[in-house]
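Each chain, letter by letter, is given below.
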Amino acid sequence: MSFKGFKPGVHILILQIIITAILGFYLNSQAAVTGLFLSVNFLLIYWYGAVVFLKRLVFYTILNGVVIGLTMVQMPILSWLFPSFIMMIIKIYPVSLLIKLMIDKAPMNELLYSLEILHVPKSLSIPTMVVYRYVPTVFREIRYINESLTMRGLNLSFSNLNRIIKTLENYIVPLLFRSDKIAEELAAASLCKGLSVKRKRTCCTDVRFAMTDFIYLICMILVVGALLFLNRLNT
Amino acid sequence: MNNLDDEIKFNEFGFTYDNDGNRGIYDINLSIQEGEFVVLTGPSGCGKTTLTRCMNGLIPDFYEGKIKGSCHVCGMEISHHETGDYSARVGSVFQDPRSQFFTMHVKTEIPFPSENLGMPMTLIQEQFRNTTEQLNISDLLEKSIFELSSGEKQKIAIASVYNAEVGIYVLDEPSANLDEIGTEQLRQLLEQLKEQGRTVIISEHKLYYLRELADRVVLMHKGKIKEILSGKDFADNNYEWFKKNSLRQINLKDVTGQPGVFGAEREDSIRIKADHLSFKYPRDQLLWKNACFESTGGDIIGIIGKNGVGKSTLIRVLMGLEKQTSGKISMFNRYASKQQRRKKSFYVMQDVDYQFFEGSVLNEMVSGYEDDPKVYERAKLILEKFSLAAYQDVHPSTLSGGQKQRLSIALSCMSDMPFLYFDEPTSGLDAENMKMVAETIKQQALAGKIAFVITHDYEFAVSLFTSLLIVKDDHTIRQVDTSQYAPTLLKKIFQVE
């Protein structure tokens with residue numbers, strides 16, 4: 001039984017997410033933006049493996065290709081609206097990957113504890129955690145609702161396109177009722193388990209700042225420095 | 001801890017919910033000693049859940065309402081304390097495992113209450129080691145909550161409060177979603193808690209697994225305590241007594257079904273046939289192969305097998321939600337594709353909440369058939385038959401569990417679908433509602449339909465089935481058809497003896 005915390009520490013991961021988000025919008029040279037994506041994607045090989053790395057690389061290249069294509073071949077309206085929209089996605093993409101990493105891999109207790117270390121008020125961190133916990137549940141719920149609608153022929157399909165509003169309502173109504181029920185039960189269970197705004201939480205794993213965190217932080221600073229340098233070079 | 005601190009004492013206690021004045025409990029006098037094992041039982045809506053909510057402090061802090069009299073838990077009067085004040089003393093386990101876990105992994109869920117209570121890190125780690133060892137759960141530690149079977153989920157729910165070293169365990173219908181293996185795991189765990197001298201209060205419909213454990217049984221009816229019996233006296237009551245009090249039976253051996261309750265006249269035109277059916281998820285192992293079986297109208301087919309052998313997948317394939325890997329399914333003696341099967345099948349899910357989309361019961365019935373001018377009359381007639389006519393204007397989500405199941409079956413009558421599929425229709429239902437669901441399914445079979453039923457409820461199964469499909473561990477499916485089937489077969493399968 002080991003009680004090692006998630007490495008890098010969750011608070012460092014949060015810091016990294018904030019920095020990446022700022023960089024995503026600050027950087028304006030094409031090379032630096034791509035560099036940011038590459039460094040994040042490269043880092044994630046450690047958790048997701050090479051196949052996912054390649055998939056994301058291809059996705060990113062396609063996005064860039066579409067932007068370049070649309071600016072070269074001037075099409076009315078499309079060339080106006082689309083490139084800026086896709087550029088937006090390109091800028092958000094690295095952050096979204098890191099957030100996904102946090103949702104997939106970071107243990108919730110350490111996350112809660114890290115937020116406490118960072119002095120985020122409990123009244124903010126607990127609701128955030130509930131949302132964070134609820135995301136995978138929502139997908140599950142939608143799948144069940146879709147199944148039951150499919151069996152009754154009321155699901156989202158070509159034959160139902162003429163009553164699209166009613167069809168969407170069919171999804172939303174049970175989802176809301178289920179969510180209401182789950183929210184109530186989850187809140188009751190958490191209260192019984194002693195989750196409280198007033199009490200100070202502890203954490204059973206060791207989340208102290210360790211050597212690995214330090215090295216990780218240094219590497220992060222180096223990469224950020226390099227990206228800023230690259231950005232200046234190209235403008 | 002001294003004796004006085006640990007006991008629970010209700011004195012002339014009463015409570016009514018603010019949002020529903022009709023629901024509540026009245027005139028409760030009950031005291032529970034340290035180390036006692038108390039079972040609360042009674043028909044749905046009798047107030048046993050409300051009583052558990054008083055003991056874990058959710059009333060009146062979380063569920064607001066009017067309190068009369070007094071209730072002390074661990075020496076604290078509940079009207080003066082918050083839910084959180086009890087978490088160090090009282091541990092709660094709820095019915096639905098999906099909504100009682102805050103974190104997503106076993107490893108983080110077990111220490112979660114202890115962390116909330118602010119126990120020091122080293123102490124939690126030590127406790128964690130003890131908990132995993134004593135409750136024998138070390139093989140589950142690396143898993144995510146979603147990978148666990150329902151029995152394992154309840155085990156982890158108990159483990160997490162065990163880790164916080166509470167003295168009182170309050171469980172609200174913990175077996176509602178469990179199969180017979182899961183229920184047995186739960187029973188062993190409860191036995192262990194009892195041996196360690198913890199106080200256990202459990203509200204339940206299913207009684208058979210608590211026979212040897214209960215020190216006292218509190219029988220409730222319409223919000224009041226009807227009778228308090230010792231565990232032994234309770235178990236000694238006969239079949240008729242349980243039936244009279246509309247309780248589930250405690251001695252499953254006494255429960256027998258009448259063999260051959262097959263639909264009076266066989267409807268030969270309605271027929272489903274599976275020919276060398278196999279199923280395998282991509283990149284996953286094979287579930288079952290070469291299944292051949294056949295059935296005609298009037299048959300109620302029980303699908304039996306351990307957790308994870310692919311019972312749900314079998315009905316999902318038959319009703320056309322999944323495509324079989326190989327083999328053929330024919331309906332009415334003709335090959336039926338996935339889409340064709342879907343048009344003739346009706347699915348009653350375990351959790352029927354996913355199946356209702358409209359604002360009222362009546363609208364729910366007519367949804368999808370609005371083109372038919374006589375549809376309202378037809379819907380009302382069917383509701384009448386299912387004794388739901390009084391509820392036609394209420395919202396489906398306000399119905400009780402049994403009523404929801406019946407409404408689901410009523411929906412299938414609107415479209416006259418000949419093939420019905422049920423996945424655990426009686427989980428969490430009391431004796432009365434279980435019987436009504438069984439009767440409704442029988443009526444459908446008598447009308448010539450075919451019903452496939454997955455259940456781990458012995459009492460339900462024994463009064464219902466007319467044939468069986470047994471999904472075995474070696475990936476084969478064996479059919480026990482009507483001529484070979486006898487309810488006594490189920491005794492062995494459900495390990496009643």
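Above: the structure in question.
Notes on the structure in this doc start here. (Residues numbered from 1 in each chain as written. Chains lettered and ligands numbered in written order. Predicted model: local features only at pLDDT ≥ 70, side-chain atom pairs only at ≥ 80, totals over all residues.)

On to the overall build of chain A. The number of helices and strands found in chain A is eight helices and zero strands. Along its sequence from the N terminus, chain A presents helices and strands in the succession α-α-α-α-α-α-α-α. Dimensions of chain A along its principal axes, counting C-alpha atoms only, are 55 × 55 × 30 Å. (Helix = DSSP H or I, 4+ residues; strand = E, 2+ residues; numbered from the N terminus.)

Moving on, we get to the nonpolar core. Counting residues in hydrophobic clusters, the biggest one holds 155 residues, and the most contacted among them are Ile303, Tyr421, Ala451, Phe452 and Val453 of chain B. Look past the residues within four positions of Tyr421 of chain B in its chain and what remains in contact with it is Ile315, Leu318, Met319, Ser345, Phe346, Tyr347, Val348 and Phe452 of chain B. (Core = buried A, V, L, I, M, F, W, Y, C linked by C-beta atoms within 7 Å. Buried ≥ 20, exposed ≤ 12 C-beta atoms within 10 Å, placed from the backbone. Contact = placed C-beta atoms within 7 Å.)

All right, on to the interface of chain A and chain B then. With 38 residues of chain A at the interface, the matching set in chain B holds 45 residues. Per-element tally for the side of chain A that touches chain B: the top contributor is helix α7 (residues 164-192) of chain A, with 13 residues. Taken together, the residues that form the side of chain A that touches chain B break down as 20 nonpolar, nine polar and nine charged. (Nonpolar A, V, L, I, M, F, W, Y, C, P; charged D, E, K, R; others polar.)

The next point concerns unusual backbone geometry. Residues and elements named next belong to chain B. Omega for the peptide link from Ile59 to Pro60 comes to 5°, which places this bond in the cis form. The topology assignment puts Pro60 in helix α3 (residues 58-61). One non-glycine residue with positive phi stands out, namely Phe332, at about 50°. Locating Phe332 in the fold gives a position in the loop between β14 (326-331) and β15 (334-335). Assessed through the 13 C-beta atoms surrounding it within 10 Å, Phe332 is described here as partly exposed. Even without glycine at this site, Asn333 takes up a positive phi of about 65°.

All names here are of chain B. With 16 residues, helix α16 (residues 431-446) should cover 22 Å at 1.5 Å per step; its first-to-last C-alpha distance of 22 Å lies within 8% of that length. Ala431, Asn433, Met434, Val437, Ala438, Thr440, Ile441, Gln444 and Ala445 are the residues of α16 that are buried. Tucked into the core, α16 has its buried residues touching β13 (300-304), α15 (401-415), β17 (419-423), β18 (450-454) and α17 (458-462). Positive backbone phi, approximately 100°, marks Gly448, located one or two places after α16. (Expected span 1.5 Å × (residues − 1).)

Bringing the pairing of strand β3 (residues 37-41) of chain B into the picture now. Residue and element names in this part refer to chain B. A large share of β3 lies buried, amounting to five of its five residues. A two-sided burial pattern is seen for β3, the buried positions comprising Phe37, Val39 and Thr41 on one face and Val38 and Leu40 on the other. In terms of strand pairing, β3 meets strand β8 (residues 199-203) through four bridges, oriented parallel. The partner of Leu40 across the bridge, within β8, is Ser203. Here four bridges tie β3 to strand β9 (residues 216-221), and the two strands are oriented parallel to one another. When the sheet's bridge partners are listed, Thr41 is paired in β9 with Leu219. (Pairing = 2+ DSSP bridges.)

Here we come to the packing of helix α1 (residues 10-26) of chain A against helix α4 (residues 78-105) of chain A. Residue and element names in this part refer to chain A. Across the interface, α1 lies against α4 with an axial gap of 8 Å and an inter-helix angle of 170°. The angle between α1 and α4 falls in the class roughly antiparallel. The segment α1 lies against α4, with Leu13, Gln16, Ile17, Thr20, Ala21, Gly24 and Phe25 engaging Lys91, Ile92, Pro94, Val95, Leu98, Ile99 and Met102. Residues that form the contact of α1 with α4 fall into these classes: ten nonpolar, three polar and one charged. (Axes fitted to C-alpha atoms, helices over the stretch in contact; angles between N-to-C directions. Parallel < 35°, antiparallel > 145°, perpendicular 65-115°, else oblique.)

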